[in-house]
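In case you want the letters, here they are:
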Amino acid sequence: MAERLPLVVANWKLNGDKVLLAEMIDALQAFESNEVETVVCPPFVYLNENTNGVKKGAQNIAEVESGAFTGEVSGRMLRDVGCQFVIIGHSERRAMYGETDAVVAKKVLATLHAGLVPIICVGESEQQREDEETIAVISKQIRAVLDDLPSYSDSLVFAYEPIWAIGTGKTATTEQAEEVHAEIRKVLASYNQELAQETRILYGGSVKPDNSKELFSSDNIDGGLIGGASLDVESFTTICKNAVA
Ligand code: PGA
């Protein structure tokens, strides 16, 4: 089994400010471990702040590089301000901003083109889980991205985020998450073995300090994408510590 460095990502969504960012940066610098990679994804306007080496990511990216696209931010611009990661296809963007699988695939290509690492979110609704469609839904979302990739040599990250677990306090059990993560790895393996071994698959959906250790101890769970709990410095740093084996 390939050694995958655990990754824990803070997805601030439309929250936070300069003060919280400075506090989070201080705490993450103090924590610094070479056994876990940590990334903070604040809203766009804070991405230009000096994060003193703490990695940062964006929550969205334009499909195109430049031009008359009012309100958009391109991969080149994100790279320019020191971003290394981009969250793509979060269920909130799929549901509220009409991001289809095709749009997600284009944004992944734009991210890779800019030399950044995409964190590609996939996940089923409660209804789809009840209808036993989870694996079919997720496979389709992943294939839409992988079918469009010119090669499998770039670094990708996937995040399994069951929609019913996001911001609801209802976490998937470790068994439920592990089952889906193992399936995601199988889909990746059907494209490329190395990709399957090396790609980190994060779990997201009501991850908290007290459930993170168990989730992260599962074979195919390589870290987390953290929403609500990433807005609290102590909670987030505890979750990061819990990702260290
Ligand atoms: P949550 O959000 O941790 O608040 O459930 C996770 C996410 O949406 O990425």
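Here, every reference points to the structure presented above.
Residues numbered from 1 in each chain as written. Predicted model: local features only at pLDDT ≥ 70, side-chain atom pairs only at ≥ 80, totals over all residues. Heavy atoms only, no water.

A.B. asks: Just checking my understanding: could you explain the side chain of Ser 212 for this structure?
C.D. replies: The topology assignment puts Ser 212 in helix 9 (residues 209-216). The class of Ser 212 is buried, set by a relative accessible area of 0%. A polar side-chain atom of Ser 212 sits 3.0 Å from a polar atom in the side chain of Asn 242. (Helix = DSSP H or I, 4+ residues; strand = E, 2+ residues; numbered from the N terminus. Buried < 20%, exposed > 50% of the residue type's maximum accessible area, 1.4 Å probe, protein only. Polar contact = N/O pair within 3.5 Å; in protein donor to acceptor, adjacent residues only side chain to side chain.)

A.B. asks: Sorry if this is basic, but what is going on with the pattern of salt bridges here?
C.D. replies: Where charged atoms from two side chains of opposite charge approach closely, those side chains can pair. On inspection of all chains with the given rule, the structure shows 13 salt bridges. Note that Lys 13 is salt-bridged to Glu 92, the shortest N-O span being 2.8 Å. With Lys 13 in the loop between strand 1 (7-11) and helix 1 (18-31) and Glu 92 in helix 3 (residues 91-96), this residue pair connects regions lying 79 residues apart in the sequence. For Glu 92, a relative accessible area of 25% corresponds to the partly exposed category. The partner of Glu 63 in a salt bridge is Lys 106, and the shortest N-O contact between them spans 3.8 Å. Of this pair, Glu 63 sits in the loop between strand 3 (55-58) and helix 2 (75-80) while Lys 106 sits in helix 4 (residues 101-113), and the two are 43 residues apart along the sequence. A relative accessible area of 46% places Lys 106 in the partly exposed class. Three or more residues joined by partner-sharing salt bridges are found here, namely Arg 4, Arg 185 and Asp 222. (Salt bridge = Lys/Arg side-chain N within 4 Å of Asp/Glu carboxyl O.)

A.B. asks: Looking at this model, I keep getting lost on helix 10 (residues 233-242). Mind explaining?
C.D. replies: In an α-helix, one full turn covers 3.6 residues, which means residues spaced three or four apart are oriented alike. Most of helix 10 is tucked away: seven of the 10 residues are buried. Along helix 10, the residues that are buried comprise Val 233, Ser 235, Phe 236, Thr 237, Ile 239, Cys 240 and Asn 242. On the buried face of helix 10, the contacting elements are strand 1, helix 1, strand 2 (37-41), helix 9 and strand 8 (223-226). The residue sitting at the N-terminus of helix 10 and contributing the capping side-chain oxygen is Asp 232; that oxygen lies 3.3 Å from the backbone nitrogen of Glu 234. (Contact = heavy atoms within 4.5 Å.)

Shape is all these values report; function is a separate question.
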